[in-house]
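Listed here are the chains, written in short residue letters.
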Amino acid sequence: MGNLTGDNREWLCREVFRAMEEDKIKVYYQPQFDALTGKLTGAEALARWISEEGSVVMPGSFIPALEQGDEITQLDWHMLRKVCLFLKWQQERDGHTVPIAVNFSRQHVKEERFVSKLCEMVDTYGIPHNKIEIEITESALVGQEEKISDWIEGIRRQGFRVAIDDFGSGLSSLSLVKDISADVLKIDKSLLSHNCEDEKERIVLESIFYFAHRLKLTTVAEGVETREQLGFLRTCSCKEIQGFLFAKPMEQEAFAALCRKGKAAAEQEDILKIQAPSSATQMLLDAVFIRYPLVILANLTRNSFYMMAYEDFTSHCCPSTGVFDELIAHGASTMHPEDRELFRTTFQIENLMAAHDRGEQWVSVVTRQMGDDGIYRRVETTDYFVKNSSVDDVLVIALCHNLDER
Ligand code: C2E
Ligand code: MG
Ligand code: MG
């Protein structure tokens, strides 16, 4: 629909408001499922206008008109109220609910007291805040990032989840996602072709999922219609699926029945058959991190390092990337005075290089390191020489673990 002007737009807005009063604007729920297990994880609330003749008018026919002004905000609040009413009813009747995502237009950023209004409405119905997810379309985030970022922070501080909707549909920028701290990234359906066969498309999608997961965002793929798409999305470790393959948007009663049945959208398959090598690698890494809470990748040729994992190790303050020599000096300073020299000489770059040239596969040492609590513990540090096919640099992976109980 093109831009409506003047009378037409006003007339349409008036009609929508009348429909809201007459309860003709309904909430349809489109379920979201776990990509691997098929379990119901939540739903998105989508507006539907039931016309005089009883036909269903899609949001594409009226939302753009409301969005040209700020009338859209009233529709969004109307939708949220109806979602709260539904959740309250479901909570009382079935005792079980799933989180519901509600679309909010960018016009709300201008709204004063937005967060308190949100809390007031949700609290009136006694709905836990984590059952409501606020969806903001990606294009709404472009421009005035700082203001929007504060606005989103305010929403999240109250315990609501925030999703960036339609990611990849427009002027997406990766820095936008970096700067805005959301919980969920919804990947737009325009990025998915029928069977995800195109090599370039696959690379783009793999990269999006990779960076989203690194940023600890929950990923939802929208508009999934085919088994091929599902298969590919699983290889990207996509977390949740929303699409016609599993379910179309449905009326409240049908959705409540689906929640009650609690049946998975698909037969559960053996995880080992459907998971991608990338997710297997992640699991392998998780296992490594359990045993070795400190893992460092270092480039001896360039005297640099990068910390791959660092959790609950003996001491907490440690740089995450930088100059390898300085890391060793820092490490040595935390060792027992009698072990400092041993640590320093073992991991001196020249000595490691010499060991590498002799064909050794690793270098290992046990030293006593002081923890944040002032107690020394025996720590085993092993540097494994590894190769990367595209460079000749000498690389090591350092795995460190604590031999004493903490
Ligand atoms: P959206 O928020 O991105 O919602 C997802 C849209 O994708 C929905 O379209 C849904 O029906 C559609 N969809 C989901 N799975 C599939 C699939 O497998 N294939 C295809 N072809 N489509 C799929 P719908 O309901 O027509 O809504 C369109 C847009 O209207 C929404 O896009 C949202 O931006 C807007 N909208 C809907 N309700 C509201 C509302 O209450 N407030 C605001 N501000 N916007 C709303
Ligand atoms: Mg949405
Ligand atoms: Mg969307």
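As the structure is a computational prediction, the values presented were derived from the model and not from experiment.

Observations regarding the pattern of salt bridges
Now for step 1: For the coordinates displayed, the defined rule picks out 26 salt bridges.
Now for step 2: Its salt-bridge partner being R161, residue E133 comes within 3.3 Å of it at the nearest N-O pair. Within this pair, whereas E133 is found in strand 5 (residues 132-137), its partner R161 is found in strand 6 (residues 161-167), the two being separated by 28 residues in sequence.
Now for step 3: For the salt bridge of E338 with R368, the shortest nitrogen-to-oxygen distance reads 3.2 Å. With a gap of 30 residues between them, E338 in the loop between helix 13 (324-333) and helix 14 (340-346) and R368 in strand 13 (residues 362-370) connect regions that are remote in the sequence.
Now for step 4: Here the salt bridges share partners, and the residues they tie into one network are E15, R18, E22 and K24.

Notes on the side chain of H129
Now for step 1: For H129, the location among the structural elements is in the loop between helix 4 (114-124) and strand 5.
Now for step 2: A residue is classified by how much of its surface remains accessible, and H129, at 16% relative accessible area, is buried.
Now for step 3: A distance of 2.6 Å separates the side chain of H129 from the backbone oxygen of Q158, its partner in a polar contact.
Now for step 4: Excluding residues that lie within four positions of it along the chain, H129 makes contacts with C119, V122, D123, Q158, G159 and F160.

Here we look at the layout of surface pockets
Now for step 1: Roughly 840 Å³ of volume is contained in the second largest pocket.
Now for step 2: Lining of the second largest pocket is provided by 35 residues; of these, E44, L46, P59, N103 and D165 occupy positions nearest its centre.
Now for step 3: Broken down by secondary-structure element, the contributors of at least two residues to the lining of the second largest pocket are strand 1 (25-34), strand 2 (40-50), helix 2 (63-68), helix 3 (72-94), strand 4 (100-104), strand 5 and strand 6.
Now for step 4: Here the lining of the second largest pocket is built from residues that sort into 16 nonpolar, eight polar and eleven charged.

So, the pairing of strand 14 (residues 376-386)
Now for step 1: Bridge analysis of strand 13 against strand 14 gives nine bridges, and the strand direction is antiparallel. Of the residues in strand 14, the one forming a bridge with M370 is Y376.
Now for step 2: The turn linking strand 13 back onto strand 14 is made up of five residues, and G374 within it adopts a positive phi angle of 80 degrees.

Remarks on the site of ligand 1
Now for step 1: Surveying the vicinity of ligand 1 reveals 25 residues, the closest of which are E44, R48, D76, E225 and F244.
Now for step 2: D76 is positioned such that a nitrogen or oxygen atom in its side chain is 2.7 Å from a nitrogen atom of ligand 1.
Now for step 3: Contact between ligand 1 and D165: an oxygen atom at 2.9 Å from a side-chain N or O atom of the residue.
Now for step 4: Here ligand 1, which alone exposes 810 Å², has 83% of that area covered by the protein.
Now for step 5: Mapped by element, the contributors of at least two residues to the shell around ligand 1 are strand 2, helix 3 and strand 6.
Now for step 6: In the shell around ligand 1, the residues fall into eleven nonpolar, five polar and nine charged.

Some points on the pairing of strand 8 (residues 218-222)
Now for step 1: Of all five residues in strand 8, four are buried, a share of seventy percent or more.
Now for step 2: Examined bridge by bridge, strand 7 (residues 184-187) and strand 8 share four bridges and lie parallel to one another. When the sheet's bridge partners are listed, L185 is paired in strand 8 with T219.
Now for step 3: For the crossover from strand 8 across helix 9 (residues 227-235) to strand 9 (residues 240-242), the handedness is right-handed.

Regarding a negative patch on the surface
Now for step 1: On the surface, a cluster of negative charge is contributed by E197, D198, E199, E206 and E228.
Now for step 2: In this fold, D198 is placed in the loop between strand 7 and helix 8 (199-214).
Now for step 3: D198 gets classed as partly exposed once you look at its relative accessible area, which sits at 43%.

Notes on the coordination of the magnesium ion (ligand 3)
In an ideal octahedron of six donors the angles at the metal are 90 or 180 degrees, and in an ideal tetrahedron of four donors they are 109.5 degrees.
Now for step 1: All of the protein donors around the magnesium ion (ligand 3) are D165 (OD), D166 (OD), E222 (OE) and E222 (OE); their distances to the metal are 2.0 to 2.6 Å.
Now for step 2: In this structure, the magnesium ion (ligand 3) lies 4.0 Å from the magnesium ion (ligand 2), and both are coordinated by D165. Here D165 is found in strand 6, whereas its partner E222 is found in strand 8, with 57 residues between them in sequence. Accessibility classification places D165 together with E222 in one group, the buried group.

Looking at the coordination of the magnesium ion (ligand 2)
Now for step 1: Of the protein atoms, only E44 (OE), N103 (OD1), E135 (OE) and D165 (OD) coordinate the magnesium ion (ligand 2), at distances of 2.0 to 2.3 Å.
Now for step 2: Each donor residue of the magnesium ion (ligand 2) lies on one chain, and together they are spaced E-x58-N-x31-E-x29-D.
Now for step 3: Taking the relative accessible area as the measure of exposure, E44 reaches 3% and is therefore buried.
Now for step 4: Residue N103 is classed as partly exposed on the basis of its relative accessible area of 25%.

Here's the deal with the packing of aromatic side chains
Now for step 1: This structure, assessed with the given rule, holds 13 aromatic pairs.
Now for step 2: Each ring, one from F167 and one from F211, has its centre 6.2 Å from the other, and the planes form 65 degrees; the classification is edge-to-face. One end of the pair, F167, is in strand 6; the other, F211, is in helix 8, with 44 residues separating them in the sequence.
Now for step 3: On the accessibility criterion, F167 (1% relative accessible area) is buried.
Now for step 4: The ring of F244 has K248 lying over it, and the distance from NZ or CZ to the ring centre is 4.9 Å.

Describing the domain arrangement of the protein chain
Now for step 1: If you check the domain split of the protein chain, you get domain 1 (7-266) and domain 2 (292-402).
Now for step 2: Taking only C-alpha atoms, the centre of domain 1 and the centre of domain 2 are 46 Å apart.

A few points about the environment of V177
Now for step 1: Mapped onto the elements, V177 comes out in helix 7 (residues 174-179).
Now for step 2: The sequence separation of V177 and F385 amounts to 208 residues, and the corresponding C-alpha distance is 35 Å.
Now for step 3: When residues no more than four places from it in sequence are discounted, the contact partners of V177 are I164, F167, L185, F211, L215 and L217.

Procedures and definitions
Residues numbered from 1 in each chain as written. Chains lettered and ligands numbered in written order. Predicted model: local features only at pLDDT ≥ 70, side-chain atom pairs only at ≥ 80, totals over all residues. Heavy atoms only, no water. Salt bridge = Lys/Arg side-chain N within 4 Å of Asp/Glu carboxyl O. Helix = DSSP H or I, 4+ residues; strand = E, 2+ residues; numbered from the N terminus. Buried < 20%, exposed > 50% of the residue type's maximum accessible area, 1.4 Å probe, protein only. Polar contact = N/O pair within 3.5 Å; in protein donor to acceptor, adjacent residues only side chain to side chain. Contact = heavy atoms within 4.5 Å. 1 Å grid on protein atoms, 1.4 Å probe; cavity = no way out; pocket = protein on both sides within 12 Å on 5 of 7 lines; lining within 4 Å. Points joined across faces, edges and corners; volume = space filled by probe spheres on them. Nonpolar A, V, L, I, M, F, W, Y, C, P; charged D, E, K, R; others polar. Pairing = 2+ DSSP bridges. Near = heavy atom within 4 Å. Areas by Shrake-Rupley, 256 points an atom, 1.4 Å probe, with all protein chains shown as cover. Right-handed = clockwise from strand over helix to strand, strands pointing away. Patch = residues over 30% accessible without salt bridge, like charges linked within 9 Å, V, L, I, M, F, W, Y side chains within 5 Å. Lys, Arg positive; Asp, Glu negative; His and termini not counted. Charge placed at Lys NZ, Arg CZ, Asp CG, Glu CD. Donors = N, O, S within 2.8 Å, 3.2 Å for Na, K, Ca; no water. Phe/Tyr/Trp six-rings, centres within 6.5 Å; stacked < 30°, edge-to-face > 60°. Lys NZ or Arg CZ within 6 Å of the ring centre and 35° of its normal. Domains from an automatic or database assignment.

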